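For reference, the chains in residue letters:
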Amino acid sequence: MARRLPRSKLHIGKRLQWDRNHMSYGDKWMAVLFNDEKKWNLDGPDGNIKYWYDLRKEPRSFFSRQSGGGSVMVWAAFSFKGQVGLAFLDGRQNSPKYIETLENHLMPFAENIGERNW
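An unreviewed UniProt entry lists the chain under the name Transposable element Tc3 transposase, with Araneus ventricosus as the source organism.

In structure tokens form, the structure reads like this:
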């Protein structure tokens, strides 16, 4: 059974209202771009229930993190007109690094599809 955050009646109502407001968005969706980043720990969970391990080997149990096994952070985006390939990010993502990610990955994508009006 998948775990998920509980939603209050207020959250459910607001989400439903947002959905109803955007059902007839039509061609406006062509100007929408979704993007997100995700970090995976390579040595076991870090308060999360999902982590990377080699599927050819048995998963191991991890009880403590002594020196840390590293992590990988990726960023990706997609729109009606296509998707940006995964970007593997270095270090923590603060404002300057996020701007760099957008400049190095999103802007070339936008130029390739000839779009600048998101």
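Enquirer: Explain the sheet that holds strand β2 (residues 71-79) to me, please; I cannot follow it from the model alone.
Expert: With respect to topology, three strands assemble into an open sheet ordered β1-β2-β3, the strand pairing being antiparallel. Strands with a single pairing partner mark the edges of an open sheet, and in this sheet they are β1 (33-41) and β3 (82-89). Between one strand axis and the next, the sheet turns through 15° on average, direction left out of account. Looking at chain direction, β2 and β3 are connected through six bridges and run antiparallel. Looking across to β3, one finds that Ala77 is bridged to Val84.

Enquirer: Would you mind going over the side chain of Ser79 with me for this structure?
Expert: Relative to the elements of secondary structure, Ser79 occurs in strand β2. Residue class for Ser79 comes out buried when judged on its relative accessible area of 11%. From its side chain, Ser79 meets the backbone nitrogen of Lys81 in a polar contact 3.1 Å long. Leaving out residues up to four positions away in the same chain, Ser79 has contacts with Val32, Leu33 and Phe109.

Reading the values: rules and limits
- Residues numbered from 1 in each chain as written.
- Predicted model: local features only at pLDDT ≥ 70, side-chain atom pairs only at ≥ 80, totals over all residues.
- Heavy atoms only, no water.
- Pairing = 2+ DSSP bridges.
- Helix = DSSP H or I, 4+ residues; strand = E, 2+ residues; numbered from the N terminus.
- Axes fitted to C-alpha atoms, helices over the stretch in contact; angles between N-to-C directions.
- Buried < 20%, exposed > 50% of the residue type's maximum accessible area, 1.4 Å probe, protein only.
- Polar contact = N/O pair within 3.5 Å; in protein donor to acceptor, adjacent residues only side chain to side chain.
- Contact = heavy atoms within 4.5 Å.

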